[in-house]
Amino acid sequence: MKKLVLLGALALSVLSLPTFADDKPVKIGIEAAYPPFASKAPDGSIVGFDYDIGNALCEEMKVKCVWVEQEFDGLIPALKVRKIDAILSSMSITEDRKKSVDFTNKYYNTPARLVMKAGTEVSESLAELKGKNIGVQRGSIHERFAREVLAPLGAEIKPYGSQNEIYLDVAAGRLDGTVADATLLDDGFLKTDAGKGFAFVGPAFTDVKYFGDGVGIAVRKGDALKDKINTAIAAIRENGKYKQIQDKYFAFDIYGK
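Below is a short write-up of the structure. (Residues numbered from 1 in each chain as written. Predicted model: local features only at pLDDT ≥ 70, side-chain atom pairs only at ≥ 80, totals over all residues. Heavy atoms only, no water.)

## So, the nonpolar core
Then, in step 1: Core analysis: the biggest nonpolar cluster contains 48 residues, and Phe 49, Leu 57 and Tyr 108 have the highest contact counts within it.
Then, in step 2: No other element matches the seven residues that helix α1 (residues 49–61) contributes to this core.
Then, in step 3: With residues near it in sequence (within four places) discarded, Leu 57 still touches Leu 88, Ile 217, Ile 229, Ala 232, Ile 233 and Ile 236.
Then, in step 4: Membership of the second largest hydrophobic core comes to 19 residues, among which are Ala 112, Val 136, Leu 150 and Val 201. (Core = buried A, V, L, I, M, F, W, Y, C linked by side-chain atoms within 4.5 Å. Buried < 20%, exposed > 50% of the residue type's maximum accessible area, 1.4 Å probe, protein only. Helix = DSSP H or I, 4+ residues; strand = E, 2+ residues; numbered from the N terminus. Contact = heavy atoms within 4.5 Å.)

## A word on the sheet that holds strand β10 (residues 156–160)
Whenever strands of a sheet pair, they do so through backbone hydrogen bonds, lying parallel or antiparallel.
Then, in step 1: Overall, mixed pairing links the five strands, which are arranged β10-β9-β11-β8-β12 in an open sheet. Strand pairing shows two members of the sheet lacking a second neighbour, β10 and β12 (198–205), which therefore form its edges. Strand-to-strand twist of the sheet, defined as the mean angle between neighbouring strand axes without regard to direction, takes the value 30°.
Then, in step 2: Pairing of strand β9 (residues 133–137) with strand β11 (residues 177–181) involves two bridges; the strand directions are parallel. (Pairing = 2+ DSSP bridges. Axes fitted to C-alpha atoms, helices over the stretch in contact; angles between N-to-C directions.)

## Points about the environment of Lys 130
Then, in step 1: Mapping Lys 130 onto the fold places it in the loop between β8 (112–117) and β9.
Then, in step 2: For Lys 130, a relative accessible area of 64% puts it in the exposed group.
Then, in step 3: When the C-alpha atoms of Lys 130 and Val 81 are compared, they prove to be 41 Å apart, with 49 residues separating the residues in sequence.
Then, in step 4: Contact partners of Lys 130, with chain neighbours within four places excluded, come to Leu 153, Gly 154 and Ala 155.

Next comes the structure, spelled out in structure tokens:
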């Protein structure tokens, strides 16, 4: 899930808490172009499931958090050079990424799906994708999947900086479809006016090789912050805060099995 360039400039929003265990803030990287997980409200503030979960975790850990907004493919490089301390931006836990960062336990898990014009027939073999232009978010697990699985079948893979740019080109007919997280596609496109006339097609994609073991929070290798976050994830799952946030955005259990 782009360049080591901030969206215009680093957008910092500080979560105010009544007390802090440590004066040192935790800087959390996020891409705010992935609704309903993270996007911009009309006033420019960040909103979404990822943002609310992050704030709940910070409150549970009794730390001050600073949100650093950045394009997705710059998040891991920013983490490694200590511009941020954690990545909470719908980043799937994959073996390839684990070579560079440590991950917490998952905080949600959903399959990937393909969206195209409603009525488009796509079988389990995916043979119908030959010659089709499929948009993917640059640097995402979906780009890797598309290049390694769909491209050999004859699909033309088109990388984009954000999923919102892909939606524009799908709606305009410049792309035949896109592959991404199912929940993202449903809320961010299919349920919008731009998504009318489009639908999920073909099978759900769940191959662990590409889609990992769910979505986690990335930290630097060996950072003790991982254990603190894991404890906080378990706590908000137990005390009902997680479900309260989940029910704000989804009508199903997004945590998964």
